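# Observations on the three-dimensional arrangement
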Amino acid sequence: MAEEPSDAQKYYVRPEDAEGYAKGILQGNGVPLGNADIVAKCLVAADLRGVDTHGVNRIPSYMARIRQGVLDARAQPTLHEVTPVVAQVDAHNAFGFVAAHMGMAKAVEMAKIYGIGMVGVKHSNHFGMSAWLVQQAIDAGMMSLVFTNSSPALPVWGGKEKLMGVSPIACGAPGGKEKPFILDMAPSVAARGKIYKAKRRGEKIPADWALDAEGRQTDDPAAALEGVMLPMGGPKGSALSIMMDVFSGVLSGSAFAGHVTNPYDPSKPADVGHFLVAIKPDLFMSLEDFKGRMDYLSQRCVGCEKMAGVDRIYFPGEIEQLTEETRRRDGIPYVEAEINALNDEAERVGSAKLKVVEQ
Ligand SMILES: NC(=O)c1ccc[n+]([C@@H]2O[C@H](COP(=O)([O-])OP(=O)(O)OC[C@H]3O[C@@H](n4cnc5c(N)ncnc54)[C@H](O)[C@@H]3O)[C@@H](O)[C@H]2O)c1
């Protein structure tokens, strides 16, 4: 589940204002207009869906990497057609959002003609919330697989050192009358943000979330933050994060096996890899039949008998889509410290600050 930023008072910003703010900062840091537009839209998409850990709040850390010279604000990814259904994008160290957006657009173009399109992306950067790529495919009427690798944060099962990334696995399929299927999940038991929250509140954490620096299970959030996150489902979550590395790192030609650079390491580019597939849903039946079957699946899932204590069953992606409806109406909530940090970035480059909605 996506997290609220904190218990502090919320200040609401209209999504179009958050987008304008982000675009201004990006352009102020040298990102060309078209690319700034893509990055700003993706960040706001995360905030709208309630994935607050991957939204506009990431701007200060991304801008720091531009200033450190390890993320190239001006770079333009290039695309190479390998076969009629396979392409490779070289991001040239541009924003991951820009390179992956180009990759998914190409995958969709190929899938429209041939039924499937597959793109490997190399020498890229963090692309935030994977669901925006799934949504890009859904907007074009396509099913998709969206994989990425990321910097070491998880041990492999049985290990204690950070080796694999908390690399999300995502996929989606359009619905008919019902909402689309959007799975977007990191392979850790819990998001690191939940550990920060427990520490702030002086609470303990479940012992299966993390190991301390000595490789022991811990219920102390401070000790957990010194150690490593644990994969969900033990060896299965560990295997999923290795799977993200096989397809996004080994196959693409990007860094892999623990060599993607940590976002806080200013010594070199991140060299993240992605793997994107678009699939035409009406390959084996009419589009109408496919959508009818998706709707039936969704209705069967959300309409099934509930376990004790459960009021409502959601289809994957549904909670985030409901959050988006609310936030489009009421604005996106941020806390004061976040607004201040974001406005400091605007001041650096003389771009417009965040406009908070009068309550
Ligand atoms: N780019 C990167 O390197 C990177 C790394 C880590 C995480 N992320 C992003 O962080 C985000 C958070 O990941 P997460 O694993 O914490 O997500 P999560 O646990 O909130 O959700 C995982 C999936 O489960 C579904 N879900 C959650 N609760 C549900 C419920 N009650 N009923 C039905 N379905 C439900 C969600 O719709 C989602 O598809 C993702 O958007 C991911 O892409 C990105």
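Residues numbered from 1 in each chain as written. Predicted model: local features only at pLDDT ≥ 70, side-chain atom pairs only at ≥ 80, totals over all residues. Heavy atoms only, no water.

## Observations concerning unusual backbone geometry
For N93, which is not glycine, the phi torsion reads 65 degrees and is therefore positive. Take N93: its relative accessible area is 13%, and that puts it in the buried class. With a phi close to 55 degrees, A257 is a non-glycine residue in the positive phi region. Counting through the fold element by element, A257 comes out in the loop between α8 (235-250) and β12 (272-279). You can call A257 partly exposed: its relative accessible area is 36%. (Buried < 20%, exposed > 50% of the residue type's maximum accessible area, 1.4 Å probe, protein only. Helix = DSSP H or I, 4+ residues; strand = E, 2+ residues; numbered from the N terminus.)

## Observations regarding the environment of D219
Note on placement: D219 falls in the loop between β10 (210-211) and α7 (221-226). Overall, D219 belongs to the partly exposed group, its relative accessible area being 35%. As a C-alpha pair, D219 and G69 span 150 residues in sequence and 38 Å in three-dimensional space. The contact partners of D219, leaving out residues within four places of it in the chain, are K204 and I205. (Contact = heavy atoms within 4.5 Å.)

## Focus: the packing of helix α3 (residues 59-67) against helix α11 (residues 336-349)
It is at 9 Å that the axes of α3 and α11 come closest, and there the two elements cross at 35 degrees. Every residue of α11 that contacts α3 at I59, P60, M63 and R67 is listed here: A341, L342, E345 and R348. Here the contact of α3 with α11 is composed, by residue class, of 5 nonpolar, no polar and 3 charged. (Axes fitted to C-alpha atoms, helices over the stretch in contact; angles between N-to-C directions. Nonpolar A, V, L, I, M, F, W, Y, C, P; charged D, E, K, R; others polar.)

## Some thoughts on the sheet that holds strand β9 (residues 181-185)
If you walk across this open sheet you meet the 7 strands as β2-β3-β4-β12-β5-β8-β9, and the pairing is mixed. Across the chains shown, the open sheet's two edge strands, defined by having one partner strand only, are β2 (78-83) and β9. For this sheet the average axis-to-axis angle between neighbouring strands, irrespective of direction, equals 15 degrees. Where strand β8 (residues 169-173) lies against β9, 5 bridges are found, and the strand directions are antiparallel. Note that in β9 the partner of I169 across the bridge is M185. Strand contacts of helix α4 (residues 96-114): β2, β3 (86-90), β4 (116-124), β5 (143-148) and β12, with the helix running at about 165 degrees to β4, the strand carrying the most contacts. (Pairing = 2+ DSSP bridges.)

## Topic: empty space enclosed by the protein
This structure, assessed with the given rule, holds 1 cavity of 30 Å³ or more. Roughly 40 Å³ of internal volume is contained in the largest cavity. For the largest cavity, the full set of lining residues is S150, L163, M164, G165, D245, F256, A257, G258, H259 and V260. Looking at the lining of the largest cavity residue by residue, the class counts come to 5 nonpolar, 4 polar and 1 charged. (1 Å grid on protein atoms, 1.4 Å probe; cavity = no way out; pocket = protein on both sides within 12 Å on 5 of 7 lines; lining within 4 Å. Points joined across faces, edges and corners; volume = space filled by probe spheres on them.)

## Notes on the confidence of the model for the chain
Considering every residue of the chain, the mean pLDDT works out to 95; 98% of them sit at 70 or more. pLDDT under 50 marks residues 1-5. Its contacts with residues more than four places away, or in other chains, come to 19 contacts. (pLDDT = per-residue confidence, 0-100.)

## Concerning the state of the cysteines
Here the structure, examined in full by the defined rule, presents 0 disulfides. Among the cysteines around C42, which has no disulfide bond, C171 carries the closest sulfur, lying 18 Å off. A relative accessible area of 6% means that C42 is categorised as buried. In this model C304 remains outside any disulfide bridge; the closest cysteine sulfur is found in C301, 7.0 Å from its own. (Disulfide = S-S within 2.5 Å.)

## Remarks on the layout of surface pockets
By volume, the second largest pocket is sized at about 510 Å³. Mapped onto the lining of the second largest pocket, the elements with two or more residues apiece are α1 (15-28), α2 (33-48), α5 (131-139) and α10 (318-330). The biggest single contributor to the lining of the second largest pocket is α2, with 6 residues. Class assignment of the residues belonging to the lining of the second largest pocket gives a composition of 10 nonpolar, 4 polar and 8 charged.

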